[in-house]
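Summary of the model geometry
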Amino acid sequence: MSVAGTVRGRVVGEQLAPGGIPIERLAARVGSTPFFAYDRALVTRRISAVRAALPADVELNYAVKANPMPALLQHLSGQVDGFDVASGAELRHALDTPVAPARVSFAGPGKTDPELTQAVAAGVTIELESTGELARVKSVSTALQIPARVALRVNPDFTVRGSGMRLGGGPQQFGIDCEQVPAMLATLPDPRVEFQGFHVFAGSQNLRADSLCEAQRRTVELILRLADAAPVPVRYLNLGGGFGIPYSSRDVALEVAQVGDNLEVLMTGLVRPTLPEARVVLELGRYLVGEAGVYVTRVVDRKQSRGKTFLVVDGGMHHQLAASGNLGQAIRRNYPIAVANRMGAGPTETVSVVGALCTPLDLLGEDVELPVAGIGDLIAIFQAGAYGLTASPTGFLSHPAPVEVLV
Ligand SMILES: *Cc1c(COP(=O)(O)O)cnc(C)c1O
C-alpha cells in the first residue's frame, strides 16, 4: 500500500470524499485552505452502529466538547438522546438545537456562578463536582426561585486500564470521591435541589473492550452501593463512555459489540431489577465524530534538507494539534495522511509534512510514504473529527482560522 492513509491496513478511504465529494472538488467549493470537513453520513452511520450494539433502553448522549460545531450539533440533535456540555457557551449551543433541556447535562470542574445560573434557569441537569458547587447551586436556586436538577459526579475508587486519559480514581479535580458521597447525599433532601442520580466518567480514548467492560461493571456495582443512601429513587445513571478510535497504524479498533453485550448483562442482572426508574445513559464524544472528520491543507513549499524532503503546508498544529503530537508530551505517531488529489497515482517517496509554524513541533507527518507531491497539492489528515480545531492553540502565530464545513 503506497498511501499512508491507513489505520491497521485499512485505507481511510471514505474520508477521501466527505459527503461523497472528492476532496479536490470540496476544496474548490470551500474556497480556501486549510479546512476541516465533517461527513454527516459517516456520523449517522456510526450512531446507528453504536445503537445496534447497545441495549435498546440505554440512551446515547453526545459530549459536545469533542466537536462543538453548531451545524454538527444540529445534525446530531436528531439522532442522539441528549447532550453533555462543559461550559456556558456549549450549553447555549446545545439549547439552540431541538434537544430538550431535560436531556442536557452539564459536567466539569470550575463551573462559575453565571454558568450555574444559566443551567438552573434552563432546567438542565448539573453534574456536581464538589460540595462547594452544591452550596453555590443552592444559592442560585434561591435567587432564581427555581429548583435545580442535580446529579452527583462520582470519582470512583478504581482506575480504568487502557485509557489514553484518566479522569477517575485516586485524587481528582473531577467528581466527588465515592467515600464522600453518602455524607453529601444526606444534605440533598432540600427544596432547592431535585436529585436525579449519578454520573461516572473515568477515562477517555480507550480501545480495549475488556477494560471498558470491567469499568462499566465496577461503575454499576459502585452506584448500586451508593444508591442505598439516595434521597429519592435514582432516575438517571450516566455511565460515561471513553470509547476510543484508532489513530495510528498500531491501534486496533474497539470491539464495540463486546461492550454492548456486557452492558446488556449488567442491565439485566443489576440495573433494571435494582434501579427500575433509572434512565441509563452513555456519553460519547470522540467515538461518534472522530472518524468522520478530515483536515485538509495545501502544500506551499517543497524543499530538500540534507537528504530529507519536506512538504510545507498552509496549516499545522495550530489547527490540528493532536496530529502533531500534542506539544511533544505524547509519543508522537503519524496520523493517517494522504495526498488527497493523487490517491493511488504515480511514484511514491518518503517525506515529512510540516506545518507553517516556526517550531519543530509543527510536524503533521514524519517520514511518511506518499505519492510525489508538490506546491498546490492537497494533504489530508484523517481522524480529525474530534478534539481538532477547538482543542488546538489557534492563536499561536496569529494565522487565520480555518473554515469548517459539514457535508
Ligand atoms: C470529555 C468528556 C466526555 C467525552 O469523552 P470522549 O472520550 O470524547 O468520548 C464524556 N464525558 C465527560 C464528562 C467528559 O468530560
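Residues numbered from 1 in each chain as written. Predicted model: local features only at pLDDT ≥ 70, side-chain atom pairs only at ≥ 80, totals over all residues. Heavy atoms only, no water.

Labelled according to an unreviewed UniProt entry, the protein chain appears under the name Pyridoxal-dependent decarboxylase, exosortase A system-associated, originating from Jatrophihabitans lederbergiae. If you open the UniProt record of the protein chain and go to Cofactor (unreviewed entry), you find "pyridoxal 5'-phosphate". (UniProt positions renumbered as here; feature names shortened; annotations may be inferred.)

**Notes on the pattern of salt bridges**
Under the counting rule described, the total for this entry stands at 17 salt bridges. A network of salt bridges, in which partner residues are shared, links Asp57, Glu264 and Arg272. (Salt bridge = Lys/Arg side-chain N within 4 Å of Asp/Glu carboxyl O.)

**Topic: the site of the ligand**
As a matter of local geometry, the ligand sits amid 13 residues, with Lys65, Ser204, Glu283, Arg286 and Tyr387 nearest to it. Contact distances for the ligand include 2.7 Å between an oxygen atom and a side-chain N or O atom of Lys65. At 2.6 Å, a side-chain N or O of Glu283 approaches a nitrogen atom of the ligand. The fraction of the free accessible surface of the ligand (390 Å²) that becomes covered by protein chains is 94%. Every element with two or more residues in the shell around the ligand is listed here: β12 (203-206) and β14 (279-284). Considered class by class, the residues forming the shell around the ligand number four nonpolar, four polar and five charged. (Near = heavy atom within 4 Å. Polar contact = N/O pair within 3.5 Å; in protein donor to acceptor, adjacent residues only side chain to side chain. Areas by Shrake-Rupley, 256 points an atom, 1.4 Å probe, with all protein chains shown as cover. Helix = DSSP H or I, 4+ residues; strand = E, 2+ residues; numbered from the N terminus. Nonpolar A, V, L, I, M, F, W, Y, C, P; charged D, E, K, R; others polar.)

**Section: helix α5 (residues 113-122)**
What α5 keeps buried is the set Glu115, Leu116, Ala119 and Val120. What you see down the axis of α5 is that its buried residues fit within an arc of 130 degrees, all on one side. On its buried face, α5 sits against α4 (88-95), β6 (104-106), β7 (125-128), α6 (131-144) and β8 (148-155). At the exit of α5 stands Gly123, carrying a positive phi of roughly 85 degrees. (Buried < 20%, exposed > 50% of the residue type's maximum accessible area, 1.4 Å probe, protein only. Arc of directions from axis to C-beta. Contact = heavy atoms within 4.5 Å.)

**Thoughts on the domain arrangement of the protein chain**
The domain architecture assigned to the protein chain consists of domain 1 (6-38 + 293-406) and domain 2 (68-284). Contacts between domain 1 and domain 2 engage 13 residues on the former and 13 residues on the latter. At the boundary of domain 1 with domain 2, total buried surface from both sides reaches about 1,200 Å², with 65% on carbon and sulfur atoms. Put simply, domain 1 and domain 2 have one residue pair in polar contact (both at pLDDT 80 or more) between them. Top element by residues in the side of domain 1 that touches domain 2 is strand β21 (residues 403-406). It accounts for three residues. Of the residues belonging to the side of domain 1 that touches domain 2, the class tally is six nonpolar, three polar and four charged. (Domains from an automatic or database assignment. Buried area = accessible area lost by both parts, 1.4 Å probe.)

**Comments concerning the packing of aromatic side chains**
Taken as a whole and judged by the stated rule, the model has six aromatic pairs. An angle of 75 degrees between the planes, with centres 6.2 Å apart, marks the rings of Tyr62 and Phe83 as edge-to-face. With Tyr62 in strand β4 (residues 58-63) and Phe83 in strand β5 (residues 82-85), this pair connects stretches of sequence that are 21 residues apart. Among the residues examined, Phe83 registers a relative accessible area of 0% and is labelled buried. Between the NZ or CZ atom of Lys111 and the centre of the ring of Phe106, over which it lies, the distance is 5.7 Å. (Phe/Tyr/Trp six-rings, centres within 6.5 Å; stacked < 30°, edge-to-face > 60°. Lys NZ or Arg CZ within 6 Å of the ring centre and 35° of its normal.)

**Focus: the side chain of Ser392**
Its location among the elements puts Ser392 in the loop between β20 (378-381) and β21. Ignoring anything within four residues of it in the chain, the contact list for Ser392 reads Met317, His318, His319, Gln320 and Leu321.

**Observations concerning the nonpolar core**
Residues Tyr62, Leu152, Phe198, Val353 and Ile379 are the most contacted members of the largest nonpolar core, which totals 106 residues. For this core, the leading source of residues is helix α8 (residues 209-227), giving ten residues. In this structure, this core is formed jointly by two domains, domain 1 (6-38 + 293-406) and domain 2 (68-284), each of which donates at least three residues. Leave out the neighbours within four places in its chain, and Tyr62 touches Asn67, Leu72, Leu73, Leu76, Val80, Gly82, Phe83, Asp84, Leu284, Gly285, Leu288 and Val289. (Core = buried A, V, L, I, M, F, W, Y, C linked by side-chain atoms within 4.5 Å.)

**Observations regarding helix α3 (residues 70-77)**
Taken as a whole, α3 has its buried residues at Leu72, Leu73, His75, Leu76 and Ser77. The secondary structure elements touched by the buried residues of α3 are α2 (40-53), β4, β5, α4, α10 (286-289) and β21.

**Structural notes on the packing of α8 against helix α9 (residues 256-274)**
At a minimum axis distance of 9 Å, the contact between α8 and α9 shows a crossing angle of 10 degrees. Between α8 and α9, the interaxial angle falls into the category roughly parallel. Residues Ala209, Asp210, Leu212, Cys213, Gln216, Arg217, Val220, Glu221 and Leu224 of α8 pack against Gln258, Val259, Asn262, Leu263, Leu266, Leu270, Val271 and Thr274 of α9. Residue composition of the contact of α8 with α9, grouped by class: ten nonpolar, four polar and three charged. (Axes fitted to C-alpha atoms, helices over the stretch in contact; angles between N-to-C directions. Parallel < 35°, antiparallel > 145°, perpendicular 65-115°, else oblique.)

**What about the packing of α2 against α3?**
Taken N-terminus to C-terminus, the directions of α2 and α3 make an angle of 40 degrees; their axes are 11 Å apart at the nearest point. Considered as vectors, α2 and α3 are oriented oblique to each other. As α2 runs across α3, the sense of the crossing is right-handed. For the pair α2 and α3, the contacting residues are Arg40, Val43, Thr44 and Ile47 in the first and Leu72, His75 and Leu76 in the second. (Left-handed = near helix turned anticlockwise from the far one by under 90°.)

**Observations concerning the UniProt feature "domain: Orn/DAP/Arg decarboxylase 2 N-terminal" (unreviewed entry) in the protein chain**
Residues annotated by UniProt as "domain: Orn/DAP/Arg decarboxylase 2 N-terminal" (unreviewed entry) correspond here to residues 42-289. In the segment residues 42-289, helix accounts for 40% and strand for 22%; the C-alpha atoms at its two ends are 8 Å apart.

**Notes on unusual backbone geometry**
In this structure, Pro34 follows Thr33 across a cis peptide bond, with omega equal to -5 degrees. Considering the arrangement of structural elements, one finds Pro34 in the loop between α1 (23-30) and β3 (35-38). In this structure, Gln205 takes a positive phi of about 50 degrees despite not being glycine. Residue position: Gln205 is located in strand β12.

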